[in-house]
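# Analysis of the macromolecular model
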Amino acid sequence: MPARIRLFIPLAAFIGLFTLLLRGLSLDPQELPSALVDKPLPKFELLSLLDAEPVTERSLLGVPMLLNVWATWCISCRVEHPYLQQLSDQGIKIVGVNYKDEDRAAKKWLKDFGNPYRSNIVDKRGTLGLDLGVYGAPETYFVDADGIIRYRHVGVIDDRLWTNRLKAVYESLSKSATEA
Amino acid sequence: MRAAKQTSHRLLVALVAVLVAALVNVTNAFAVIETYQFTSPELEHRYHKLSQELRCPKCQNQTIADSNAPISKDLRELLHRRLESGASDQEILDDMVSRYGEFVRYRPDAAGVTLWLWLAPIGLLVLALLILVSVFRDRSAAPASLSEEQRRKIDALTRSGSVKP
C-alpha cells in the first residue's frame, strides 16, 4: 500500500505549490509592511502650513489620529481628498504632512477643495517622509494617543477600504489608548 | 581571396568584442548620472557598493543606484550624508532598515523571518537530492523477486488458461 500512497506525492506537491502561488496572486507586492509599526513617531521639528507655527511629534499627542502624507503633485491624493473630508466630518483627527510641496500650491488646494486636516506639517525637503519610510503619497499612518504608529496604509483610502479594514484599525487605536 | 577572408574574420572578432563589451556594460548603462563629492576614494567605493545593495521601495526591482524615482534620490542623498558623517556600513543599513524594513536590502539579514530566504534554497536542494537518490534506488531495486504468494497466483492463472504464459 505505501507504494500506492507514494504515487500521490506529486499531486500533493502540485496542490501545495498551486495554493501557494494562488495566494501570491492576490497579494499586492507594492504593499510593504511599515518598519515603524508599533514604534513611536520619529522626532521632527517643522512648521505648520497655515500659521507657520512650530510642530513637533510631541505636539500631536493626546488623541488617536490619522497622519496623512499628501502633496498637490500627487494625483491620487486629489482622489482621496473628499473621503478624508468625510472622515474629518465624523470627528476623526487627521493631520496632514504636506510632502515635498510648494506652500502656495498647498494653501490654494486647501482653499479650493476644503481642509480636512486639523493641522498640516510642512515637509518641504521630505525629511519627515524619509524618517517615516514614505515611498509613495498618499500614505496614511494610524497613530494612537501616545504617538505610537499602529498601522500604515499606502494608497488611496476610500469608503470600501475604510469600512472593510481601516475602520477597525482606527477603532483599535482608541481602545489601546484607553487601556493605557 | 585569402586576405579578404582574413579581414572578414577580423571584422567578426571585432563585432563579437563590441557585443561582449556592451553586455558587460549594460548594467552600468542604466545607472543614474549624478555627482557627489567624496572626501576619500574609500567612501566613494562604499557609496557605490551600498547604493547597489539597497533596493528602491517604490520601483521594486531596481537598486537605488539604478532608479530615477525621487525616493531613490533621497536615499542616495541620505547615504552620501551618512557616509560623510563617518557612519559604518552596518549603521547605515540598520538606519535604512529601521525606515523601510528588511525589504530595502537586496541581501537581507540572515536572522529572523529573512533567515528563511537564506535557508530555503539549501532546503530545496537537499530535498531534490533526497528525491533523486530515492528514485535511483527504486530503479536499481526494481527487478525484485516475486513473493511466494504472487508466484502461486501466477501459477493458478496460467494453469486455468485465462492468462497465457
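The preceding data block contains the structure.
In short, a report on the structure. (Residues numbered from 1 in each chain as written. Chains lettered and ligands numbered in written order. Predicted model: local features only at pLDDT ≥ 70, side-chain atom pairs only at ≥ 80, totals over all residues.)

### A few points about the overall build of chain B
Of the regular secondary structure elements, chain B holds six helices and zero strands. Reading the helices (α) and strands (β) of chain B from amino to carboxyl end gives α-α-α-α-α-α. The buried share of chain B, taken over its 165 residues, is 15%. Taking contacts inside chain B between residues at least 6 apart in sequence as the whole, the part at least 24 apart equals 45%. (Helix = DSSP H or I, 4+ residues; strand = E, 2+ residues; numbered from the N terminus. Buried ≥ 20, exposed ≤ 12 C-beta atoms within 10 Å, placed from the backbone. Contact = placed C-beta atoms within 7 Å.)

### Side note on the overall build of chain A
If you tally the helices and strands in chain A, you get six helices and eight strands. Taken from the N to the C terminus, the helices and strands of chain A come in the order α-α-β-β-β-β-α-β-α-β-α-β-β-α. Here the C-alpha radius of gyration of chain A, 21 Å, is well above what a compact globule of 180 residues would show, namely 16 Å. Its C-alpha atoms give chain A principal-axis dimensions of roughly 80 × 40 × 30 Å. Within chain A, the fraction of its 180 residues that count as buried is 28%. The long-range share in chain A, meaning contacts at least 24 apart out of those at least 6 apart in sequence, stands at 74%. (Rg over C-alpha atoms; globule rule 2.2 N^0.38 Å.)

### Examining the interface of chain B and chain A
In this complex, chain B contributes 12 residues to the contact, which on the side of chain A involves 10 residues. When residues of the side of chain B that touches chain A are traced back to their parent elements, those giving at least two are helix H3 (70–84) and helix H4 (89–100) of chain B. For the side of chain B that touches chain A, the class distribution of residues is six nonpolar, three polar and three charged. (Nonpolar A, V, L, I, M, F, W, Y, C, P; charged D, E, K, R; others polar.)

### What about the packing of helix H2 (residues 41–51) of chain B against H3(B)?
Residue and element names in this part refer to chain B. One way to put it is that H2 packs onto H3 with a least axis distance of 10 Å and a crossing angle of 145 degrees. Classified by chirality, the crossing of H3 by H2 is right-handed. When H2 is examined against H3, the residues Leu-43, Arg-46, Tyr-47, Leu-50 and Ser-51 are found in contact with a partner set consisting of Arg-76, Leu-79, His-80, Leu-83 and Glu-84. In terms of residue class, the contact of H2 with H3 is made up of five nonpolar, two polar and three charged. (Axes fitted to C-alpha atoms, helices over the stretch in contact; angles between N-to-C directions. Left-handed = near helix turned anticlockwise from the far one by under 90°.)

### Remarks on unusual backbone geometry
Residue and element names in this part refer to chain A. Of note, the amide linkage connecting Ala-137 to Pro-138 takes the cis form, showing an omega dihedral of -5 degrees. Relative to the helices and strands, Pro-138 is located in the loop between helix H5 (127–132) and strand S7 (139–143). Despite not being glycine, Asp-38 has its phi angle at roughly 70 degrees, a positive value. Relative to the elements of secondary structure, Asp-38 occurs in the loop between helix H2 (9–25) and strand S1 (39–40).

### Some remarks on H2(A)
With 17 residues, H2(A) ought to run about 24 Å at 1.5 Å a step, and its terminal C-alpha atoms sit 24 Å apart, in line with that. Of all the 17 residues making up H2(A), zero are buried; the element is thus mostly uncovered. (Expected span 1.5 Å × (residues − 1).)

### Some thoughts on the sheet that holds strand S3 (residues 54–56) of chain A
The pairing of strands in a sheet comes from backbone hydrogen bonds and takes either a parallel or an antiparallel form. Residues and elements named next belong to chain A. Pairing is mixed in the open sheet, where eight strands are placed in the order S1-S8-S7-S4-S5-S6-S2-S3. The open sheet is flanked by S1 and S3, the only strands paired with a single partner. By the bridge criterion, five bridges tie S7 to strand S8 (residues 148–154) in an arrangement that is antiparallel. By the bridge assignment, Thr-140 is partnered in S8 with His-153. (Pairing = 2+ DSSP bridges.)

### Brief notes about the nonpolar core
All names here are of chain A. By size, the foremost hydrophobic cluster in this structure holds 44 residues, and its most contacted members are Tyr-99, Ala-137 and Val-143. Per element, the largest residue contribution to this core is five residues, and it comes from strand S4 (residues 65–70). Other than its neighbours up to four places away in sequence, Tyr-99 contacts Val-69, Trp-70, Ala-71, Asp-123, Gly-126, Gly-129, Val-134 and Ala-137. (Core = buried A, V, L, I, M, F, W, Y, C linked by C-beta atoms within 7 Å.)

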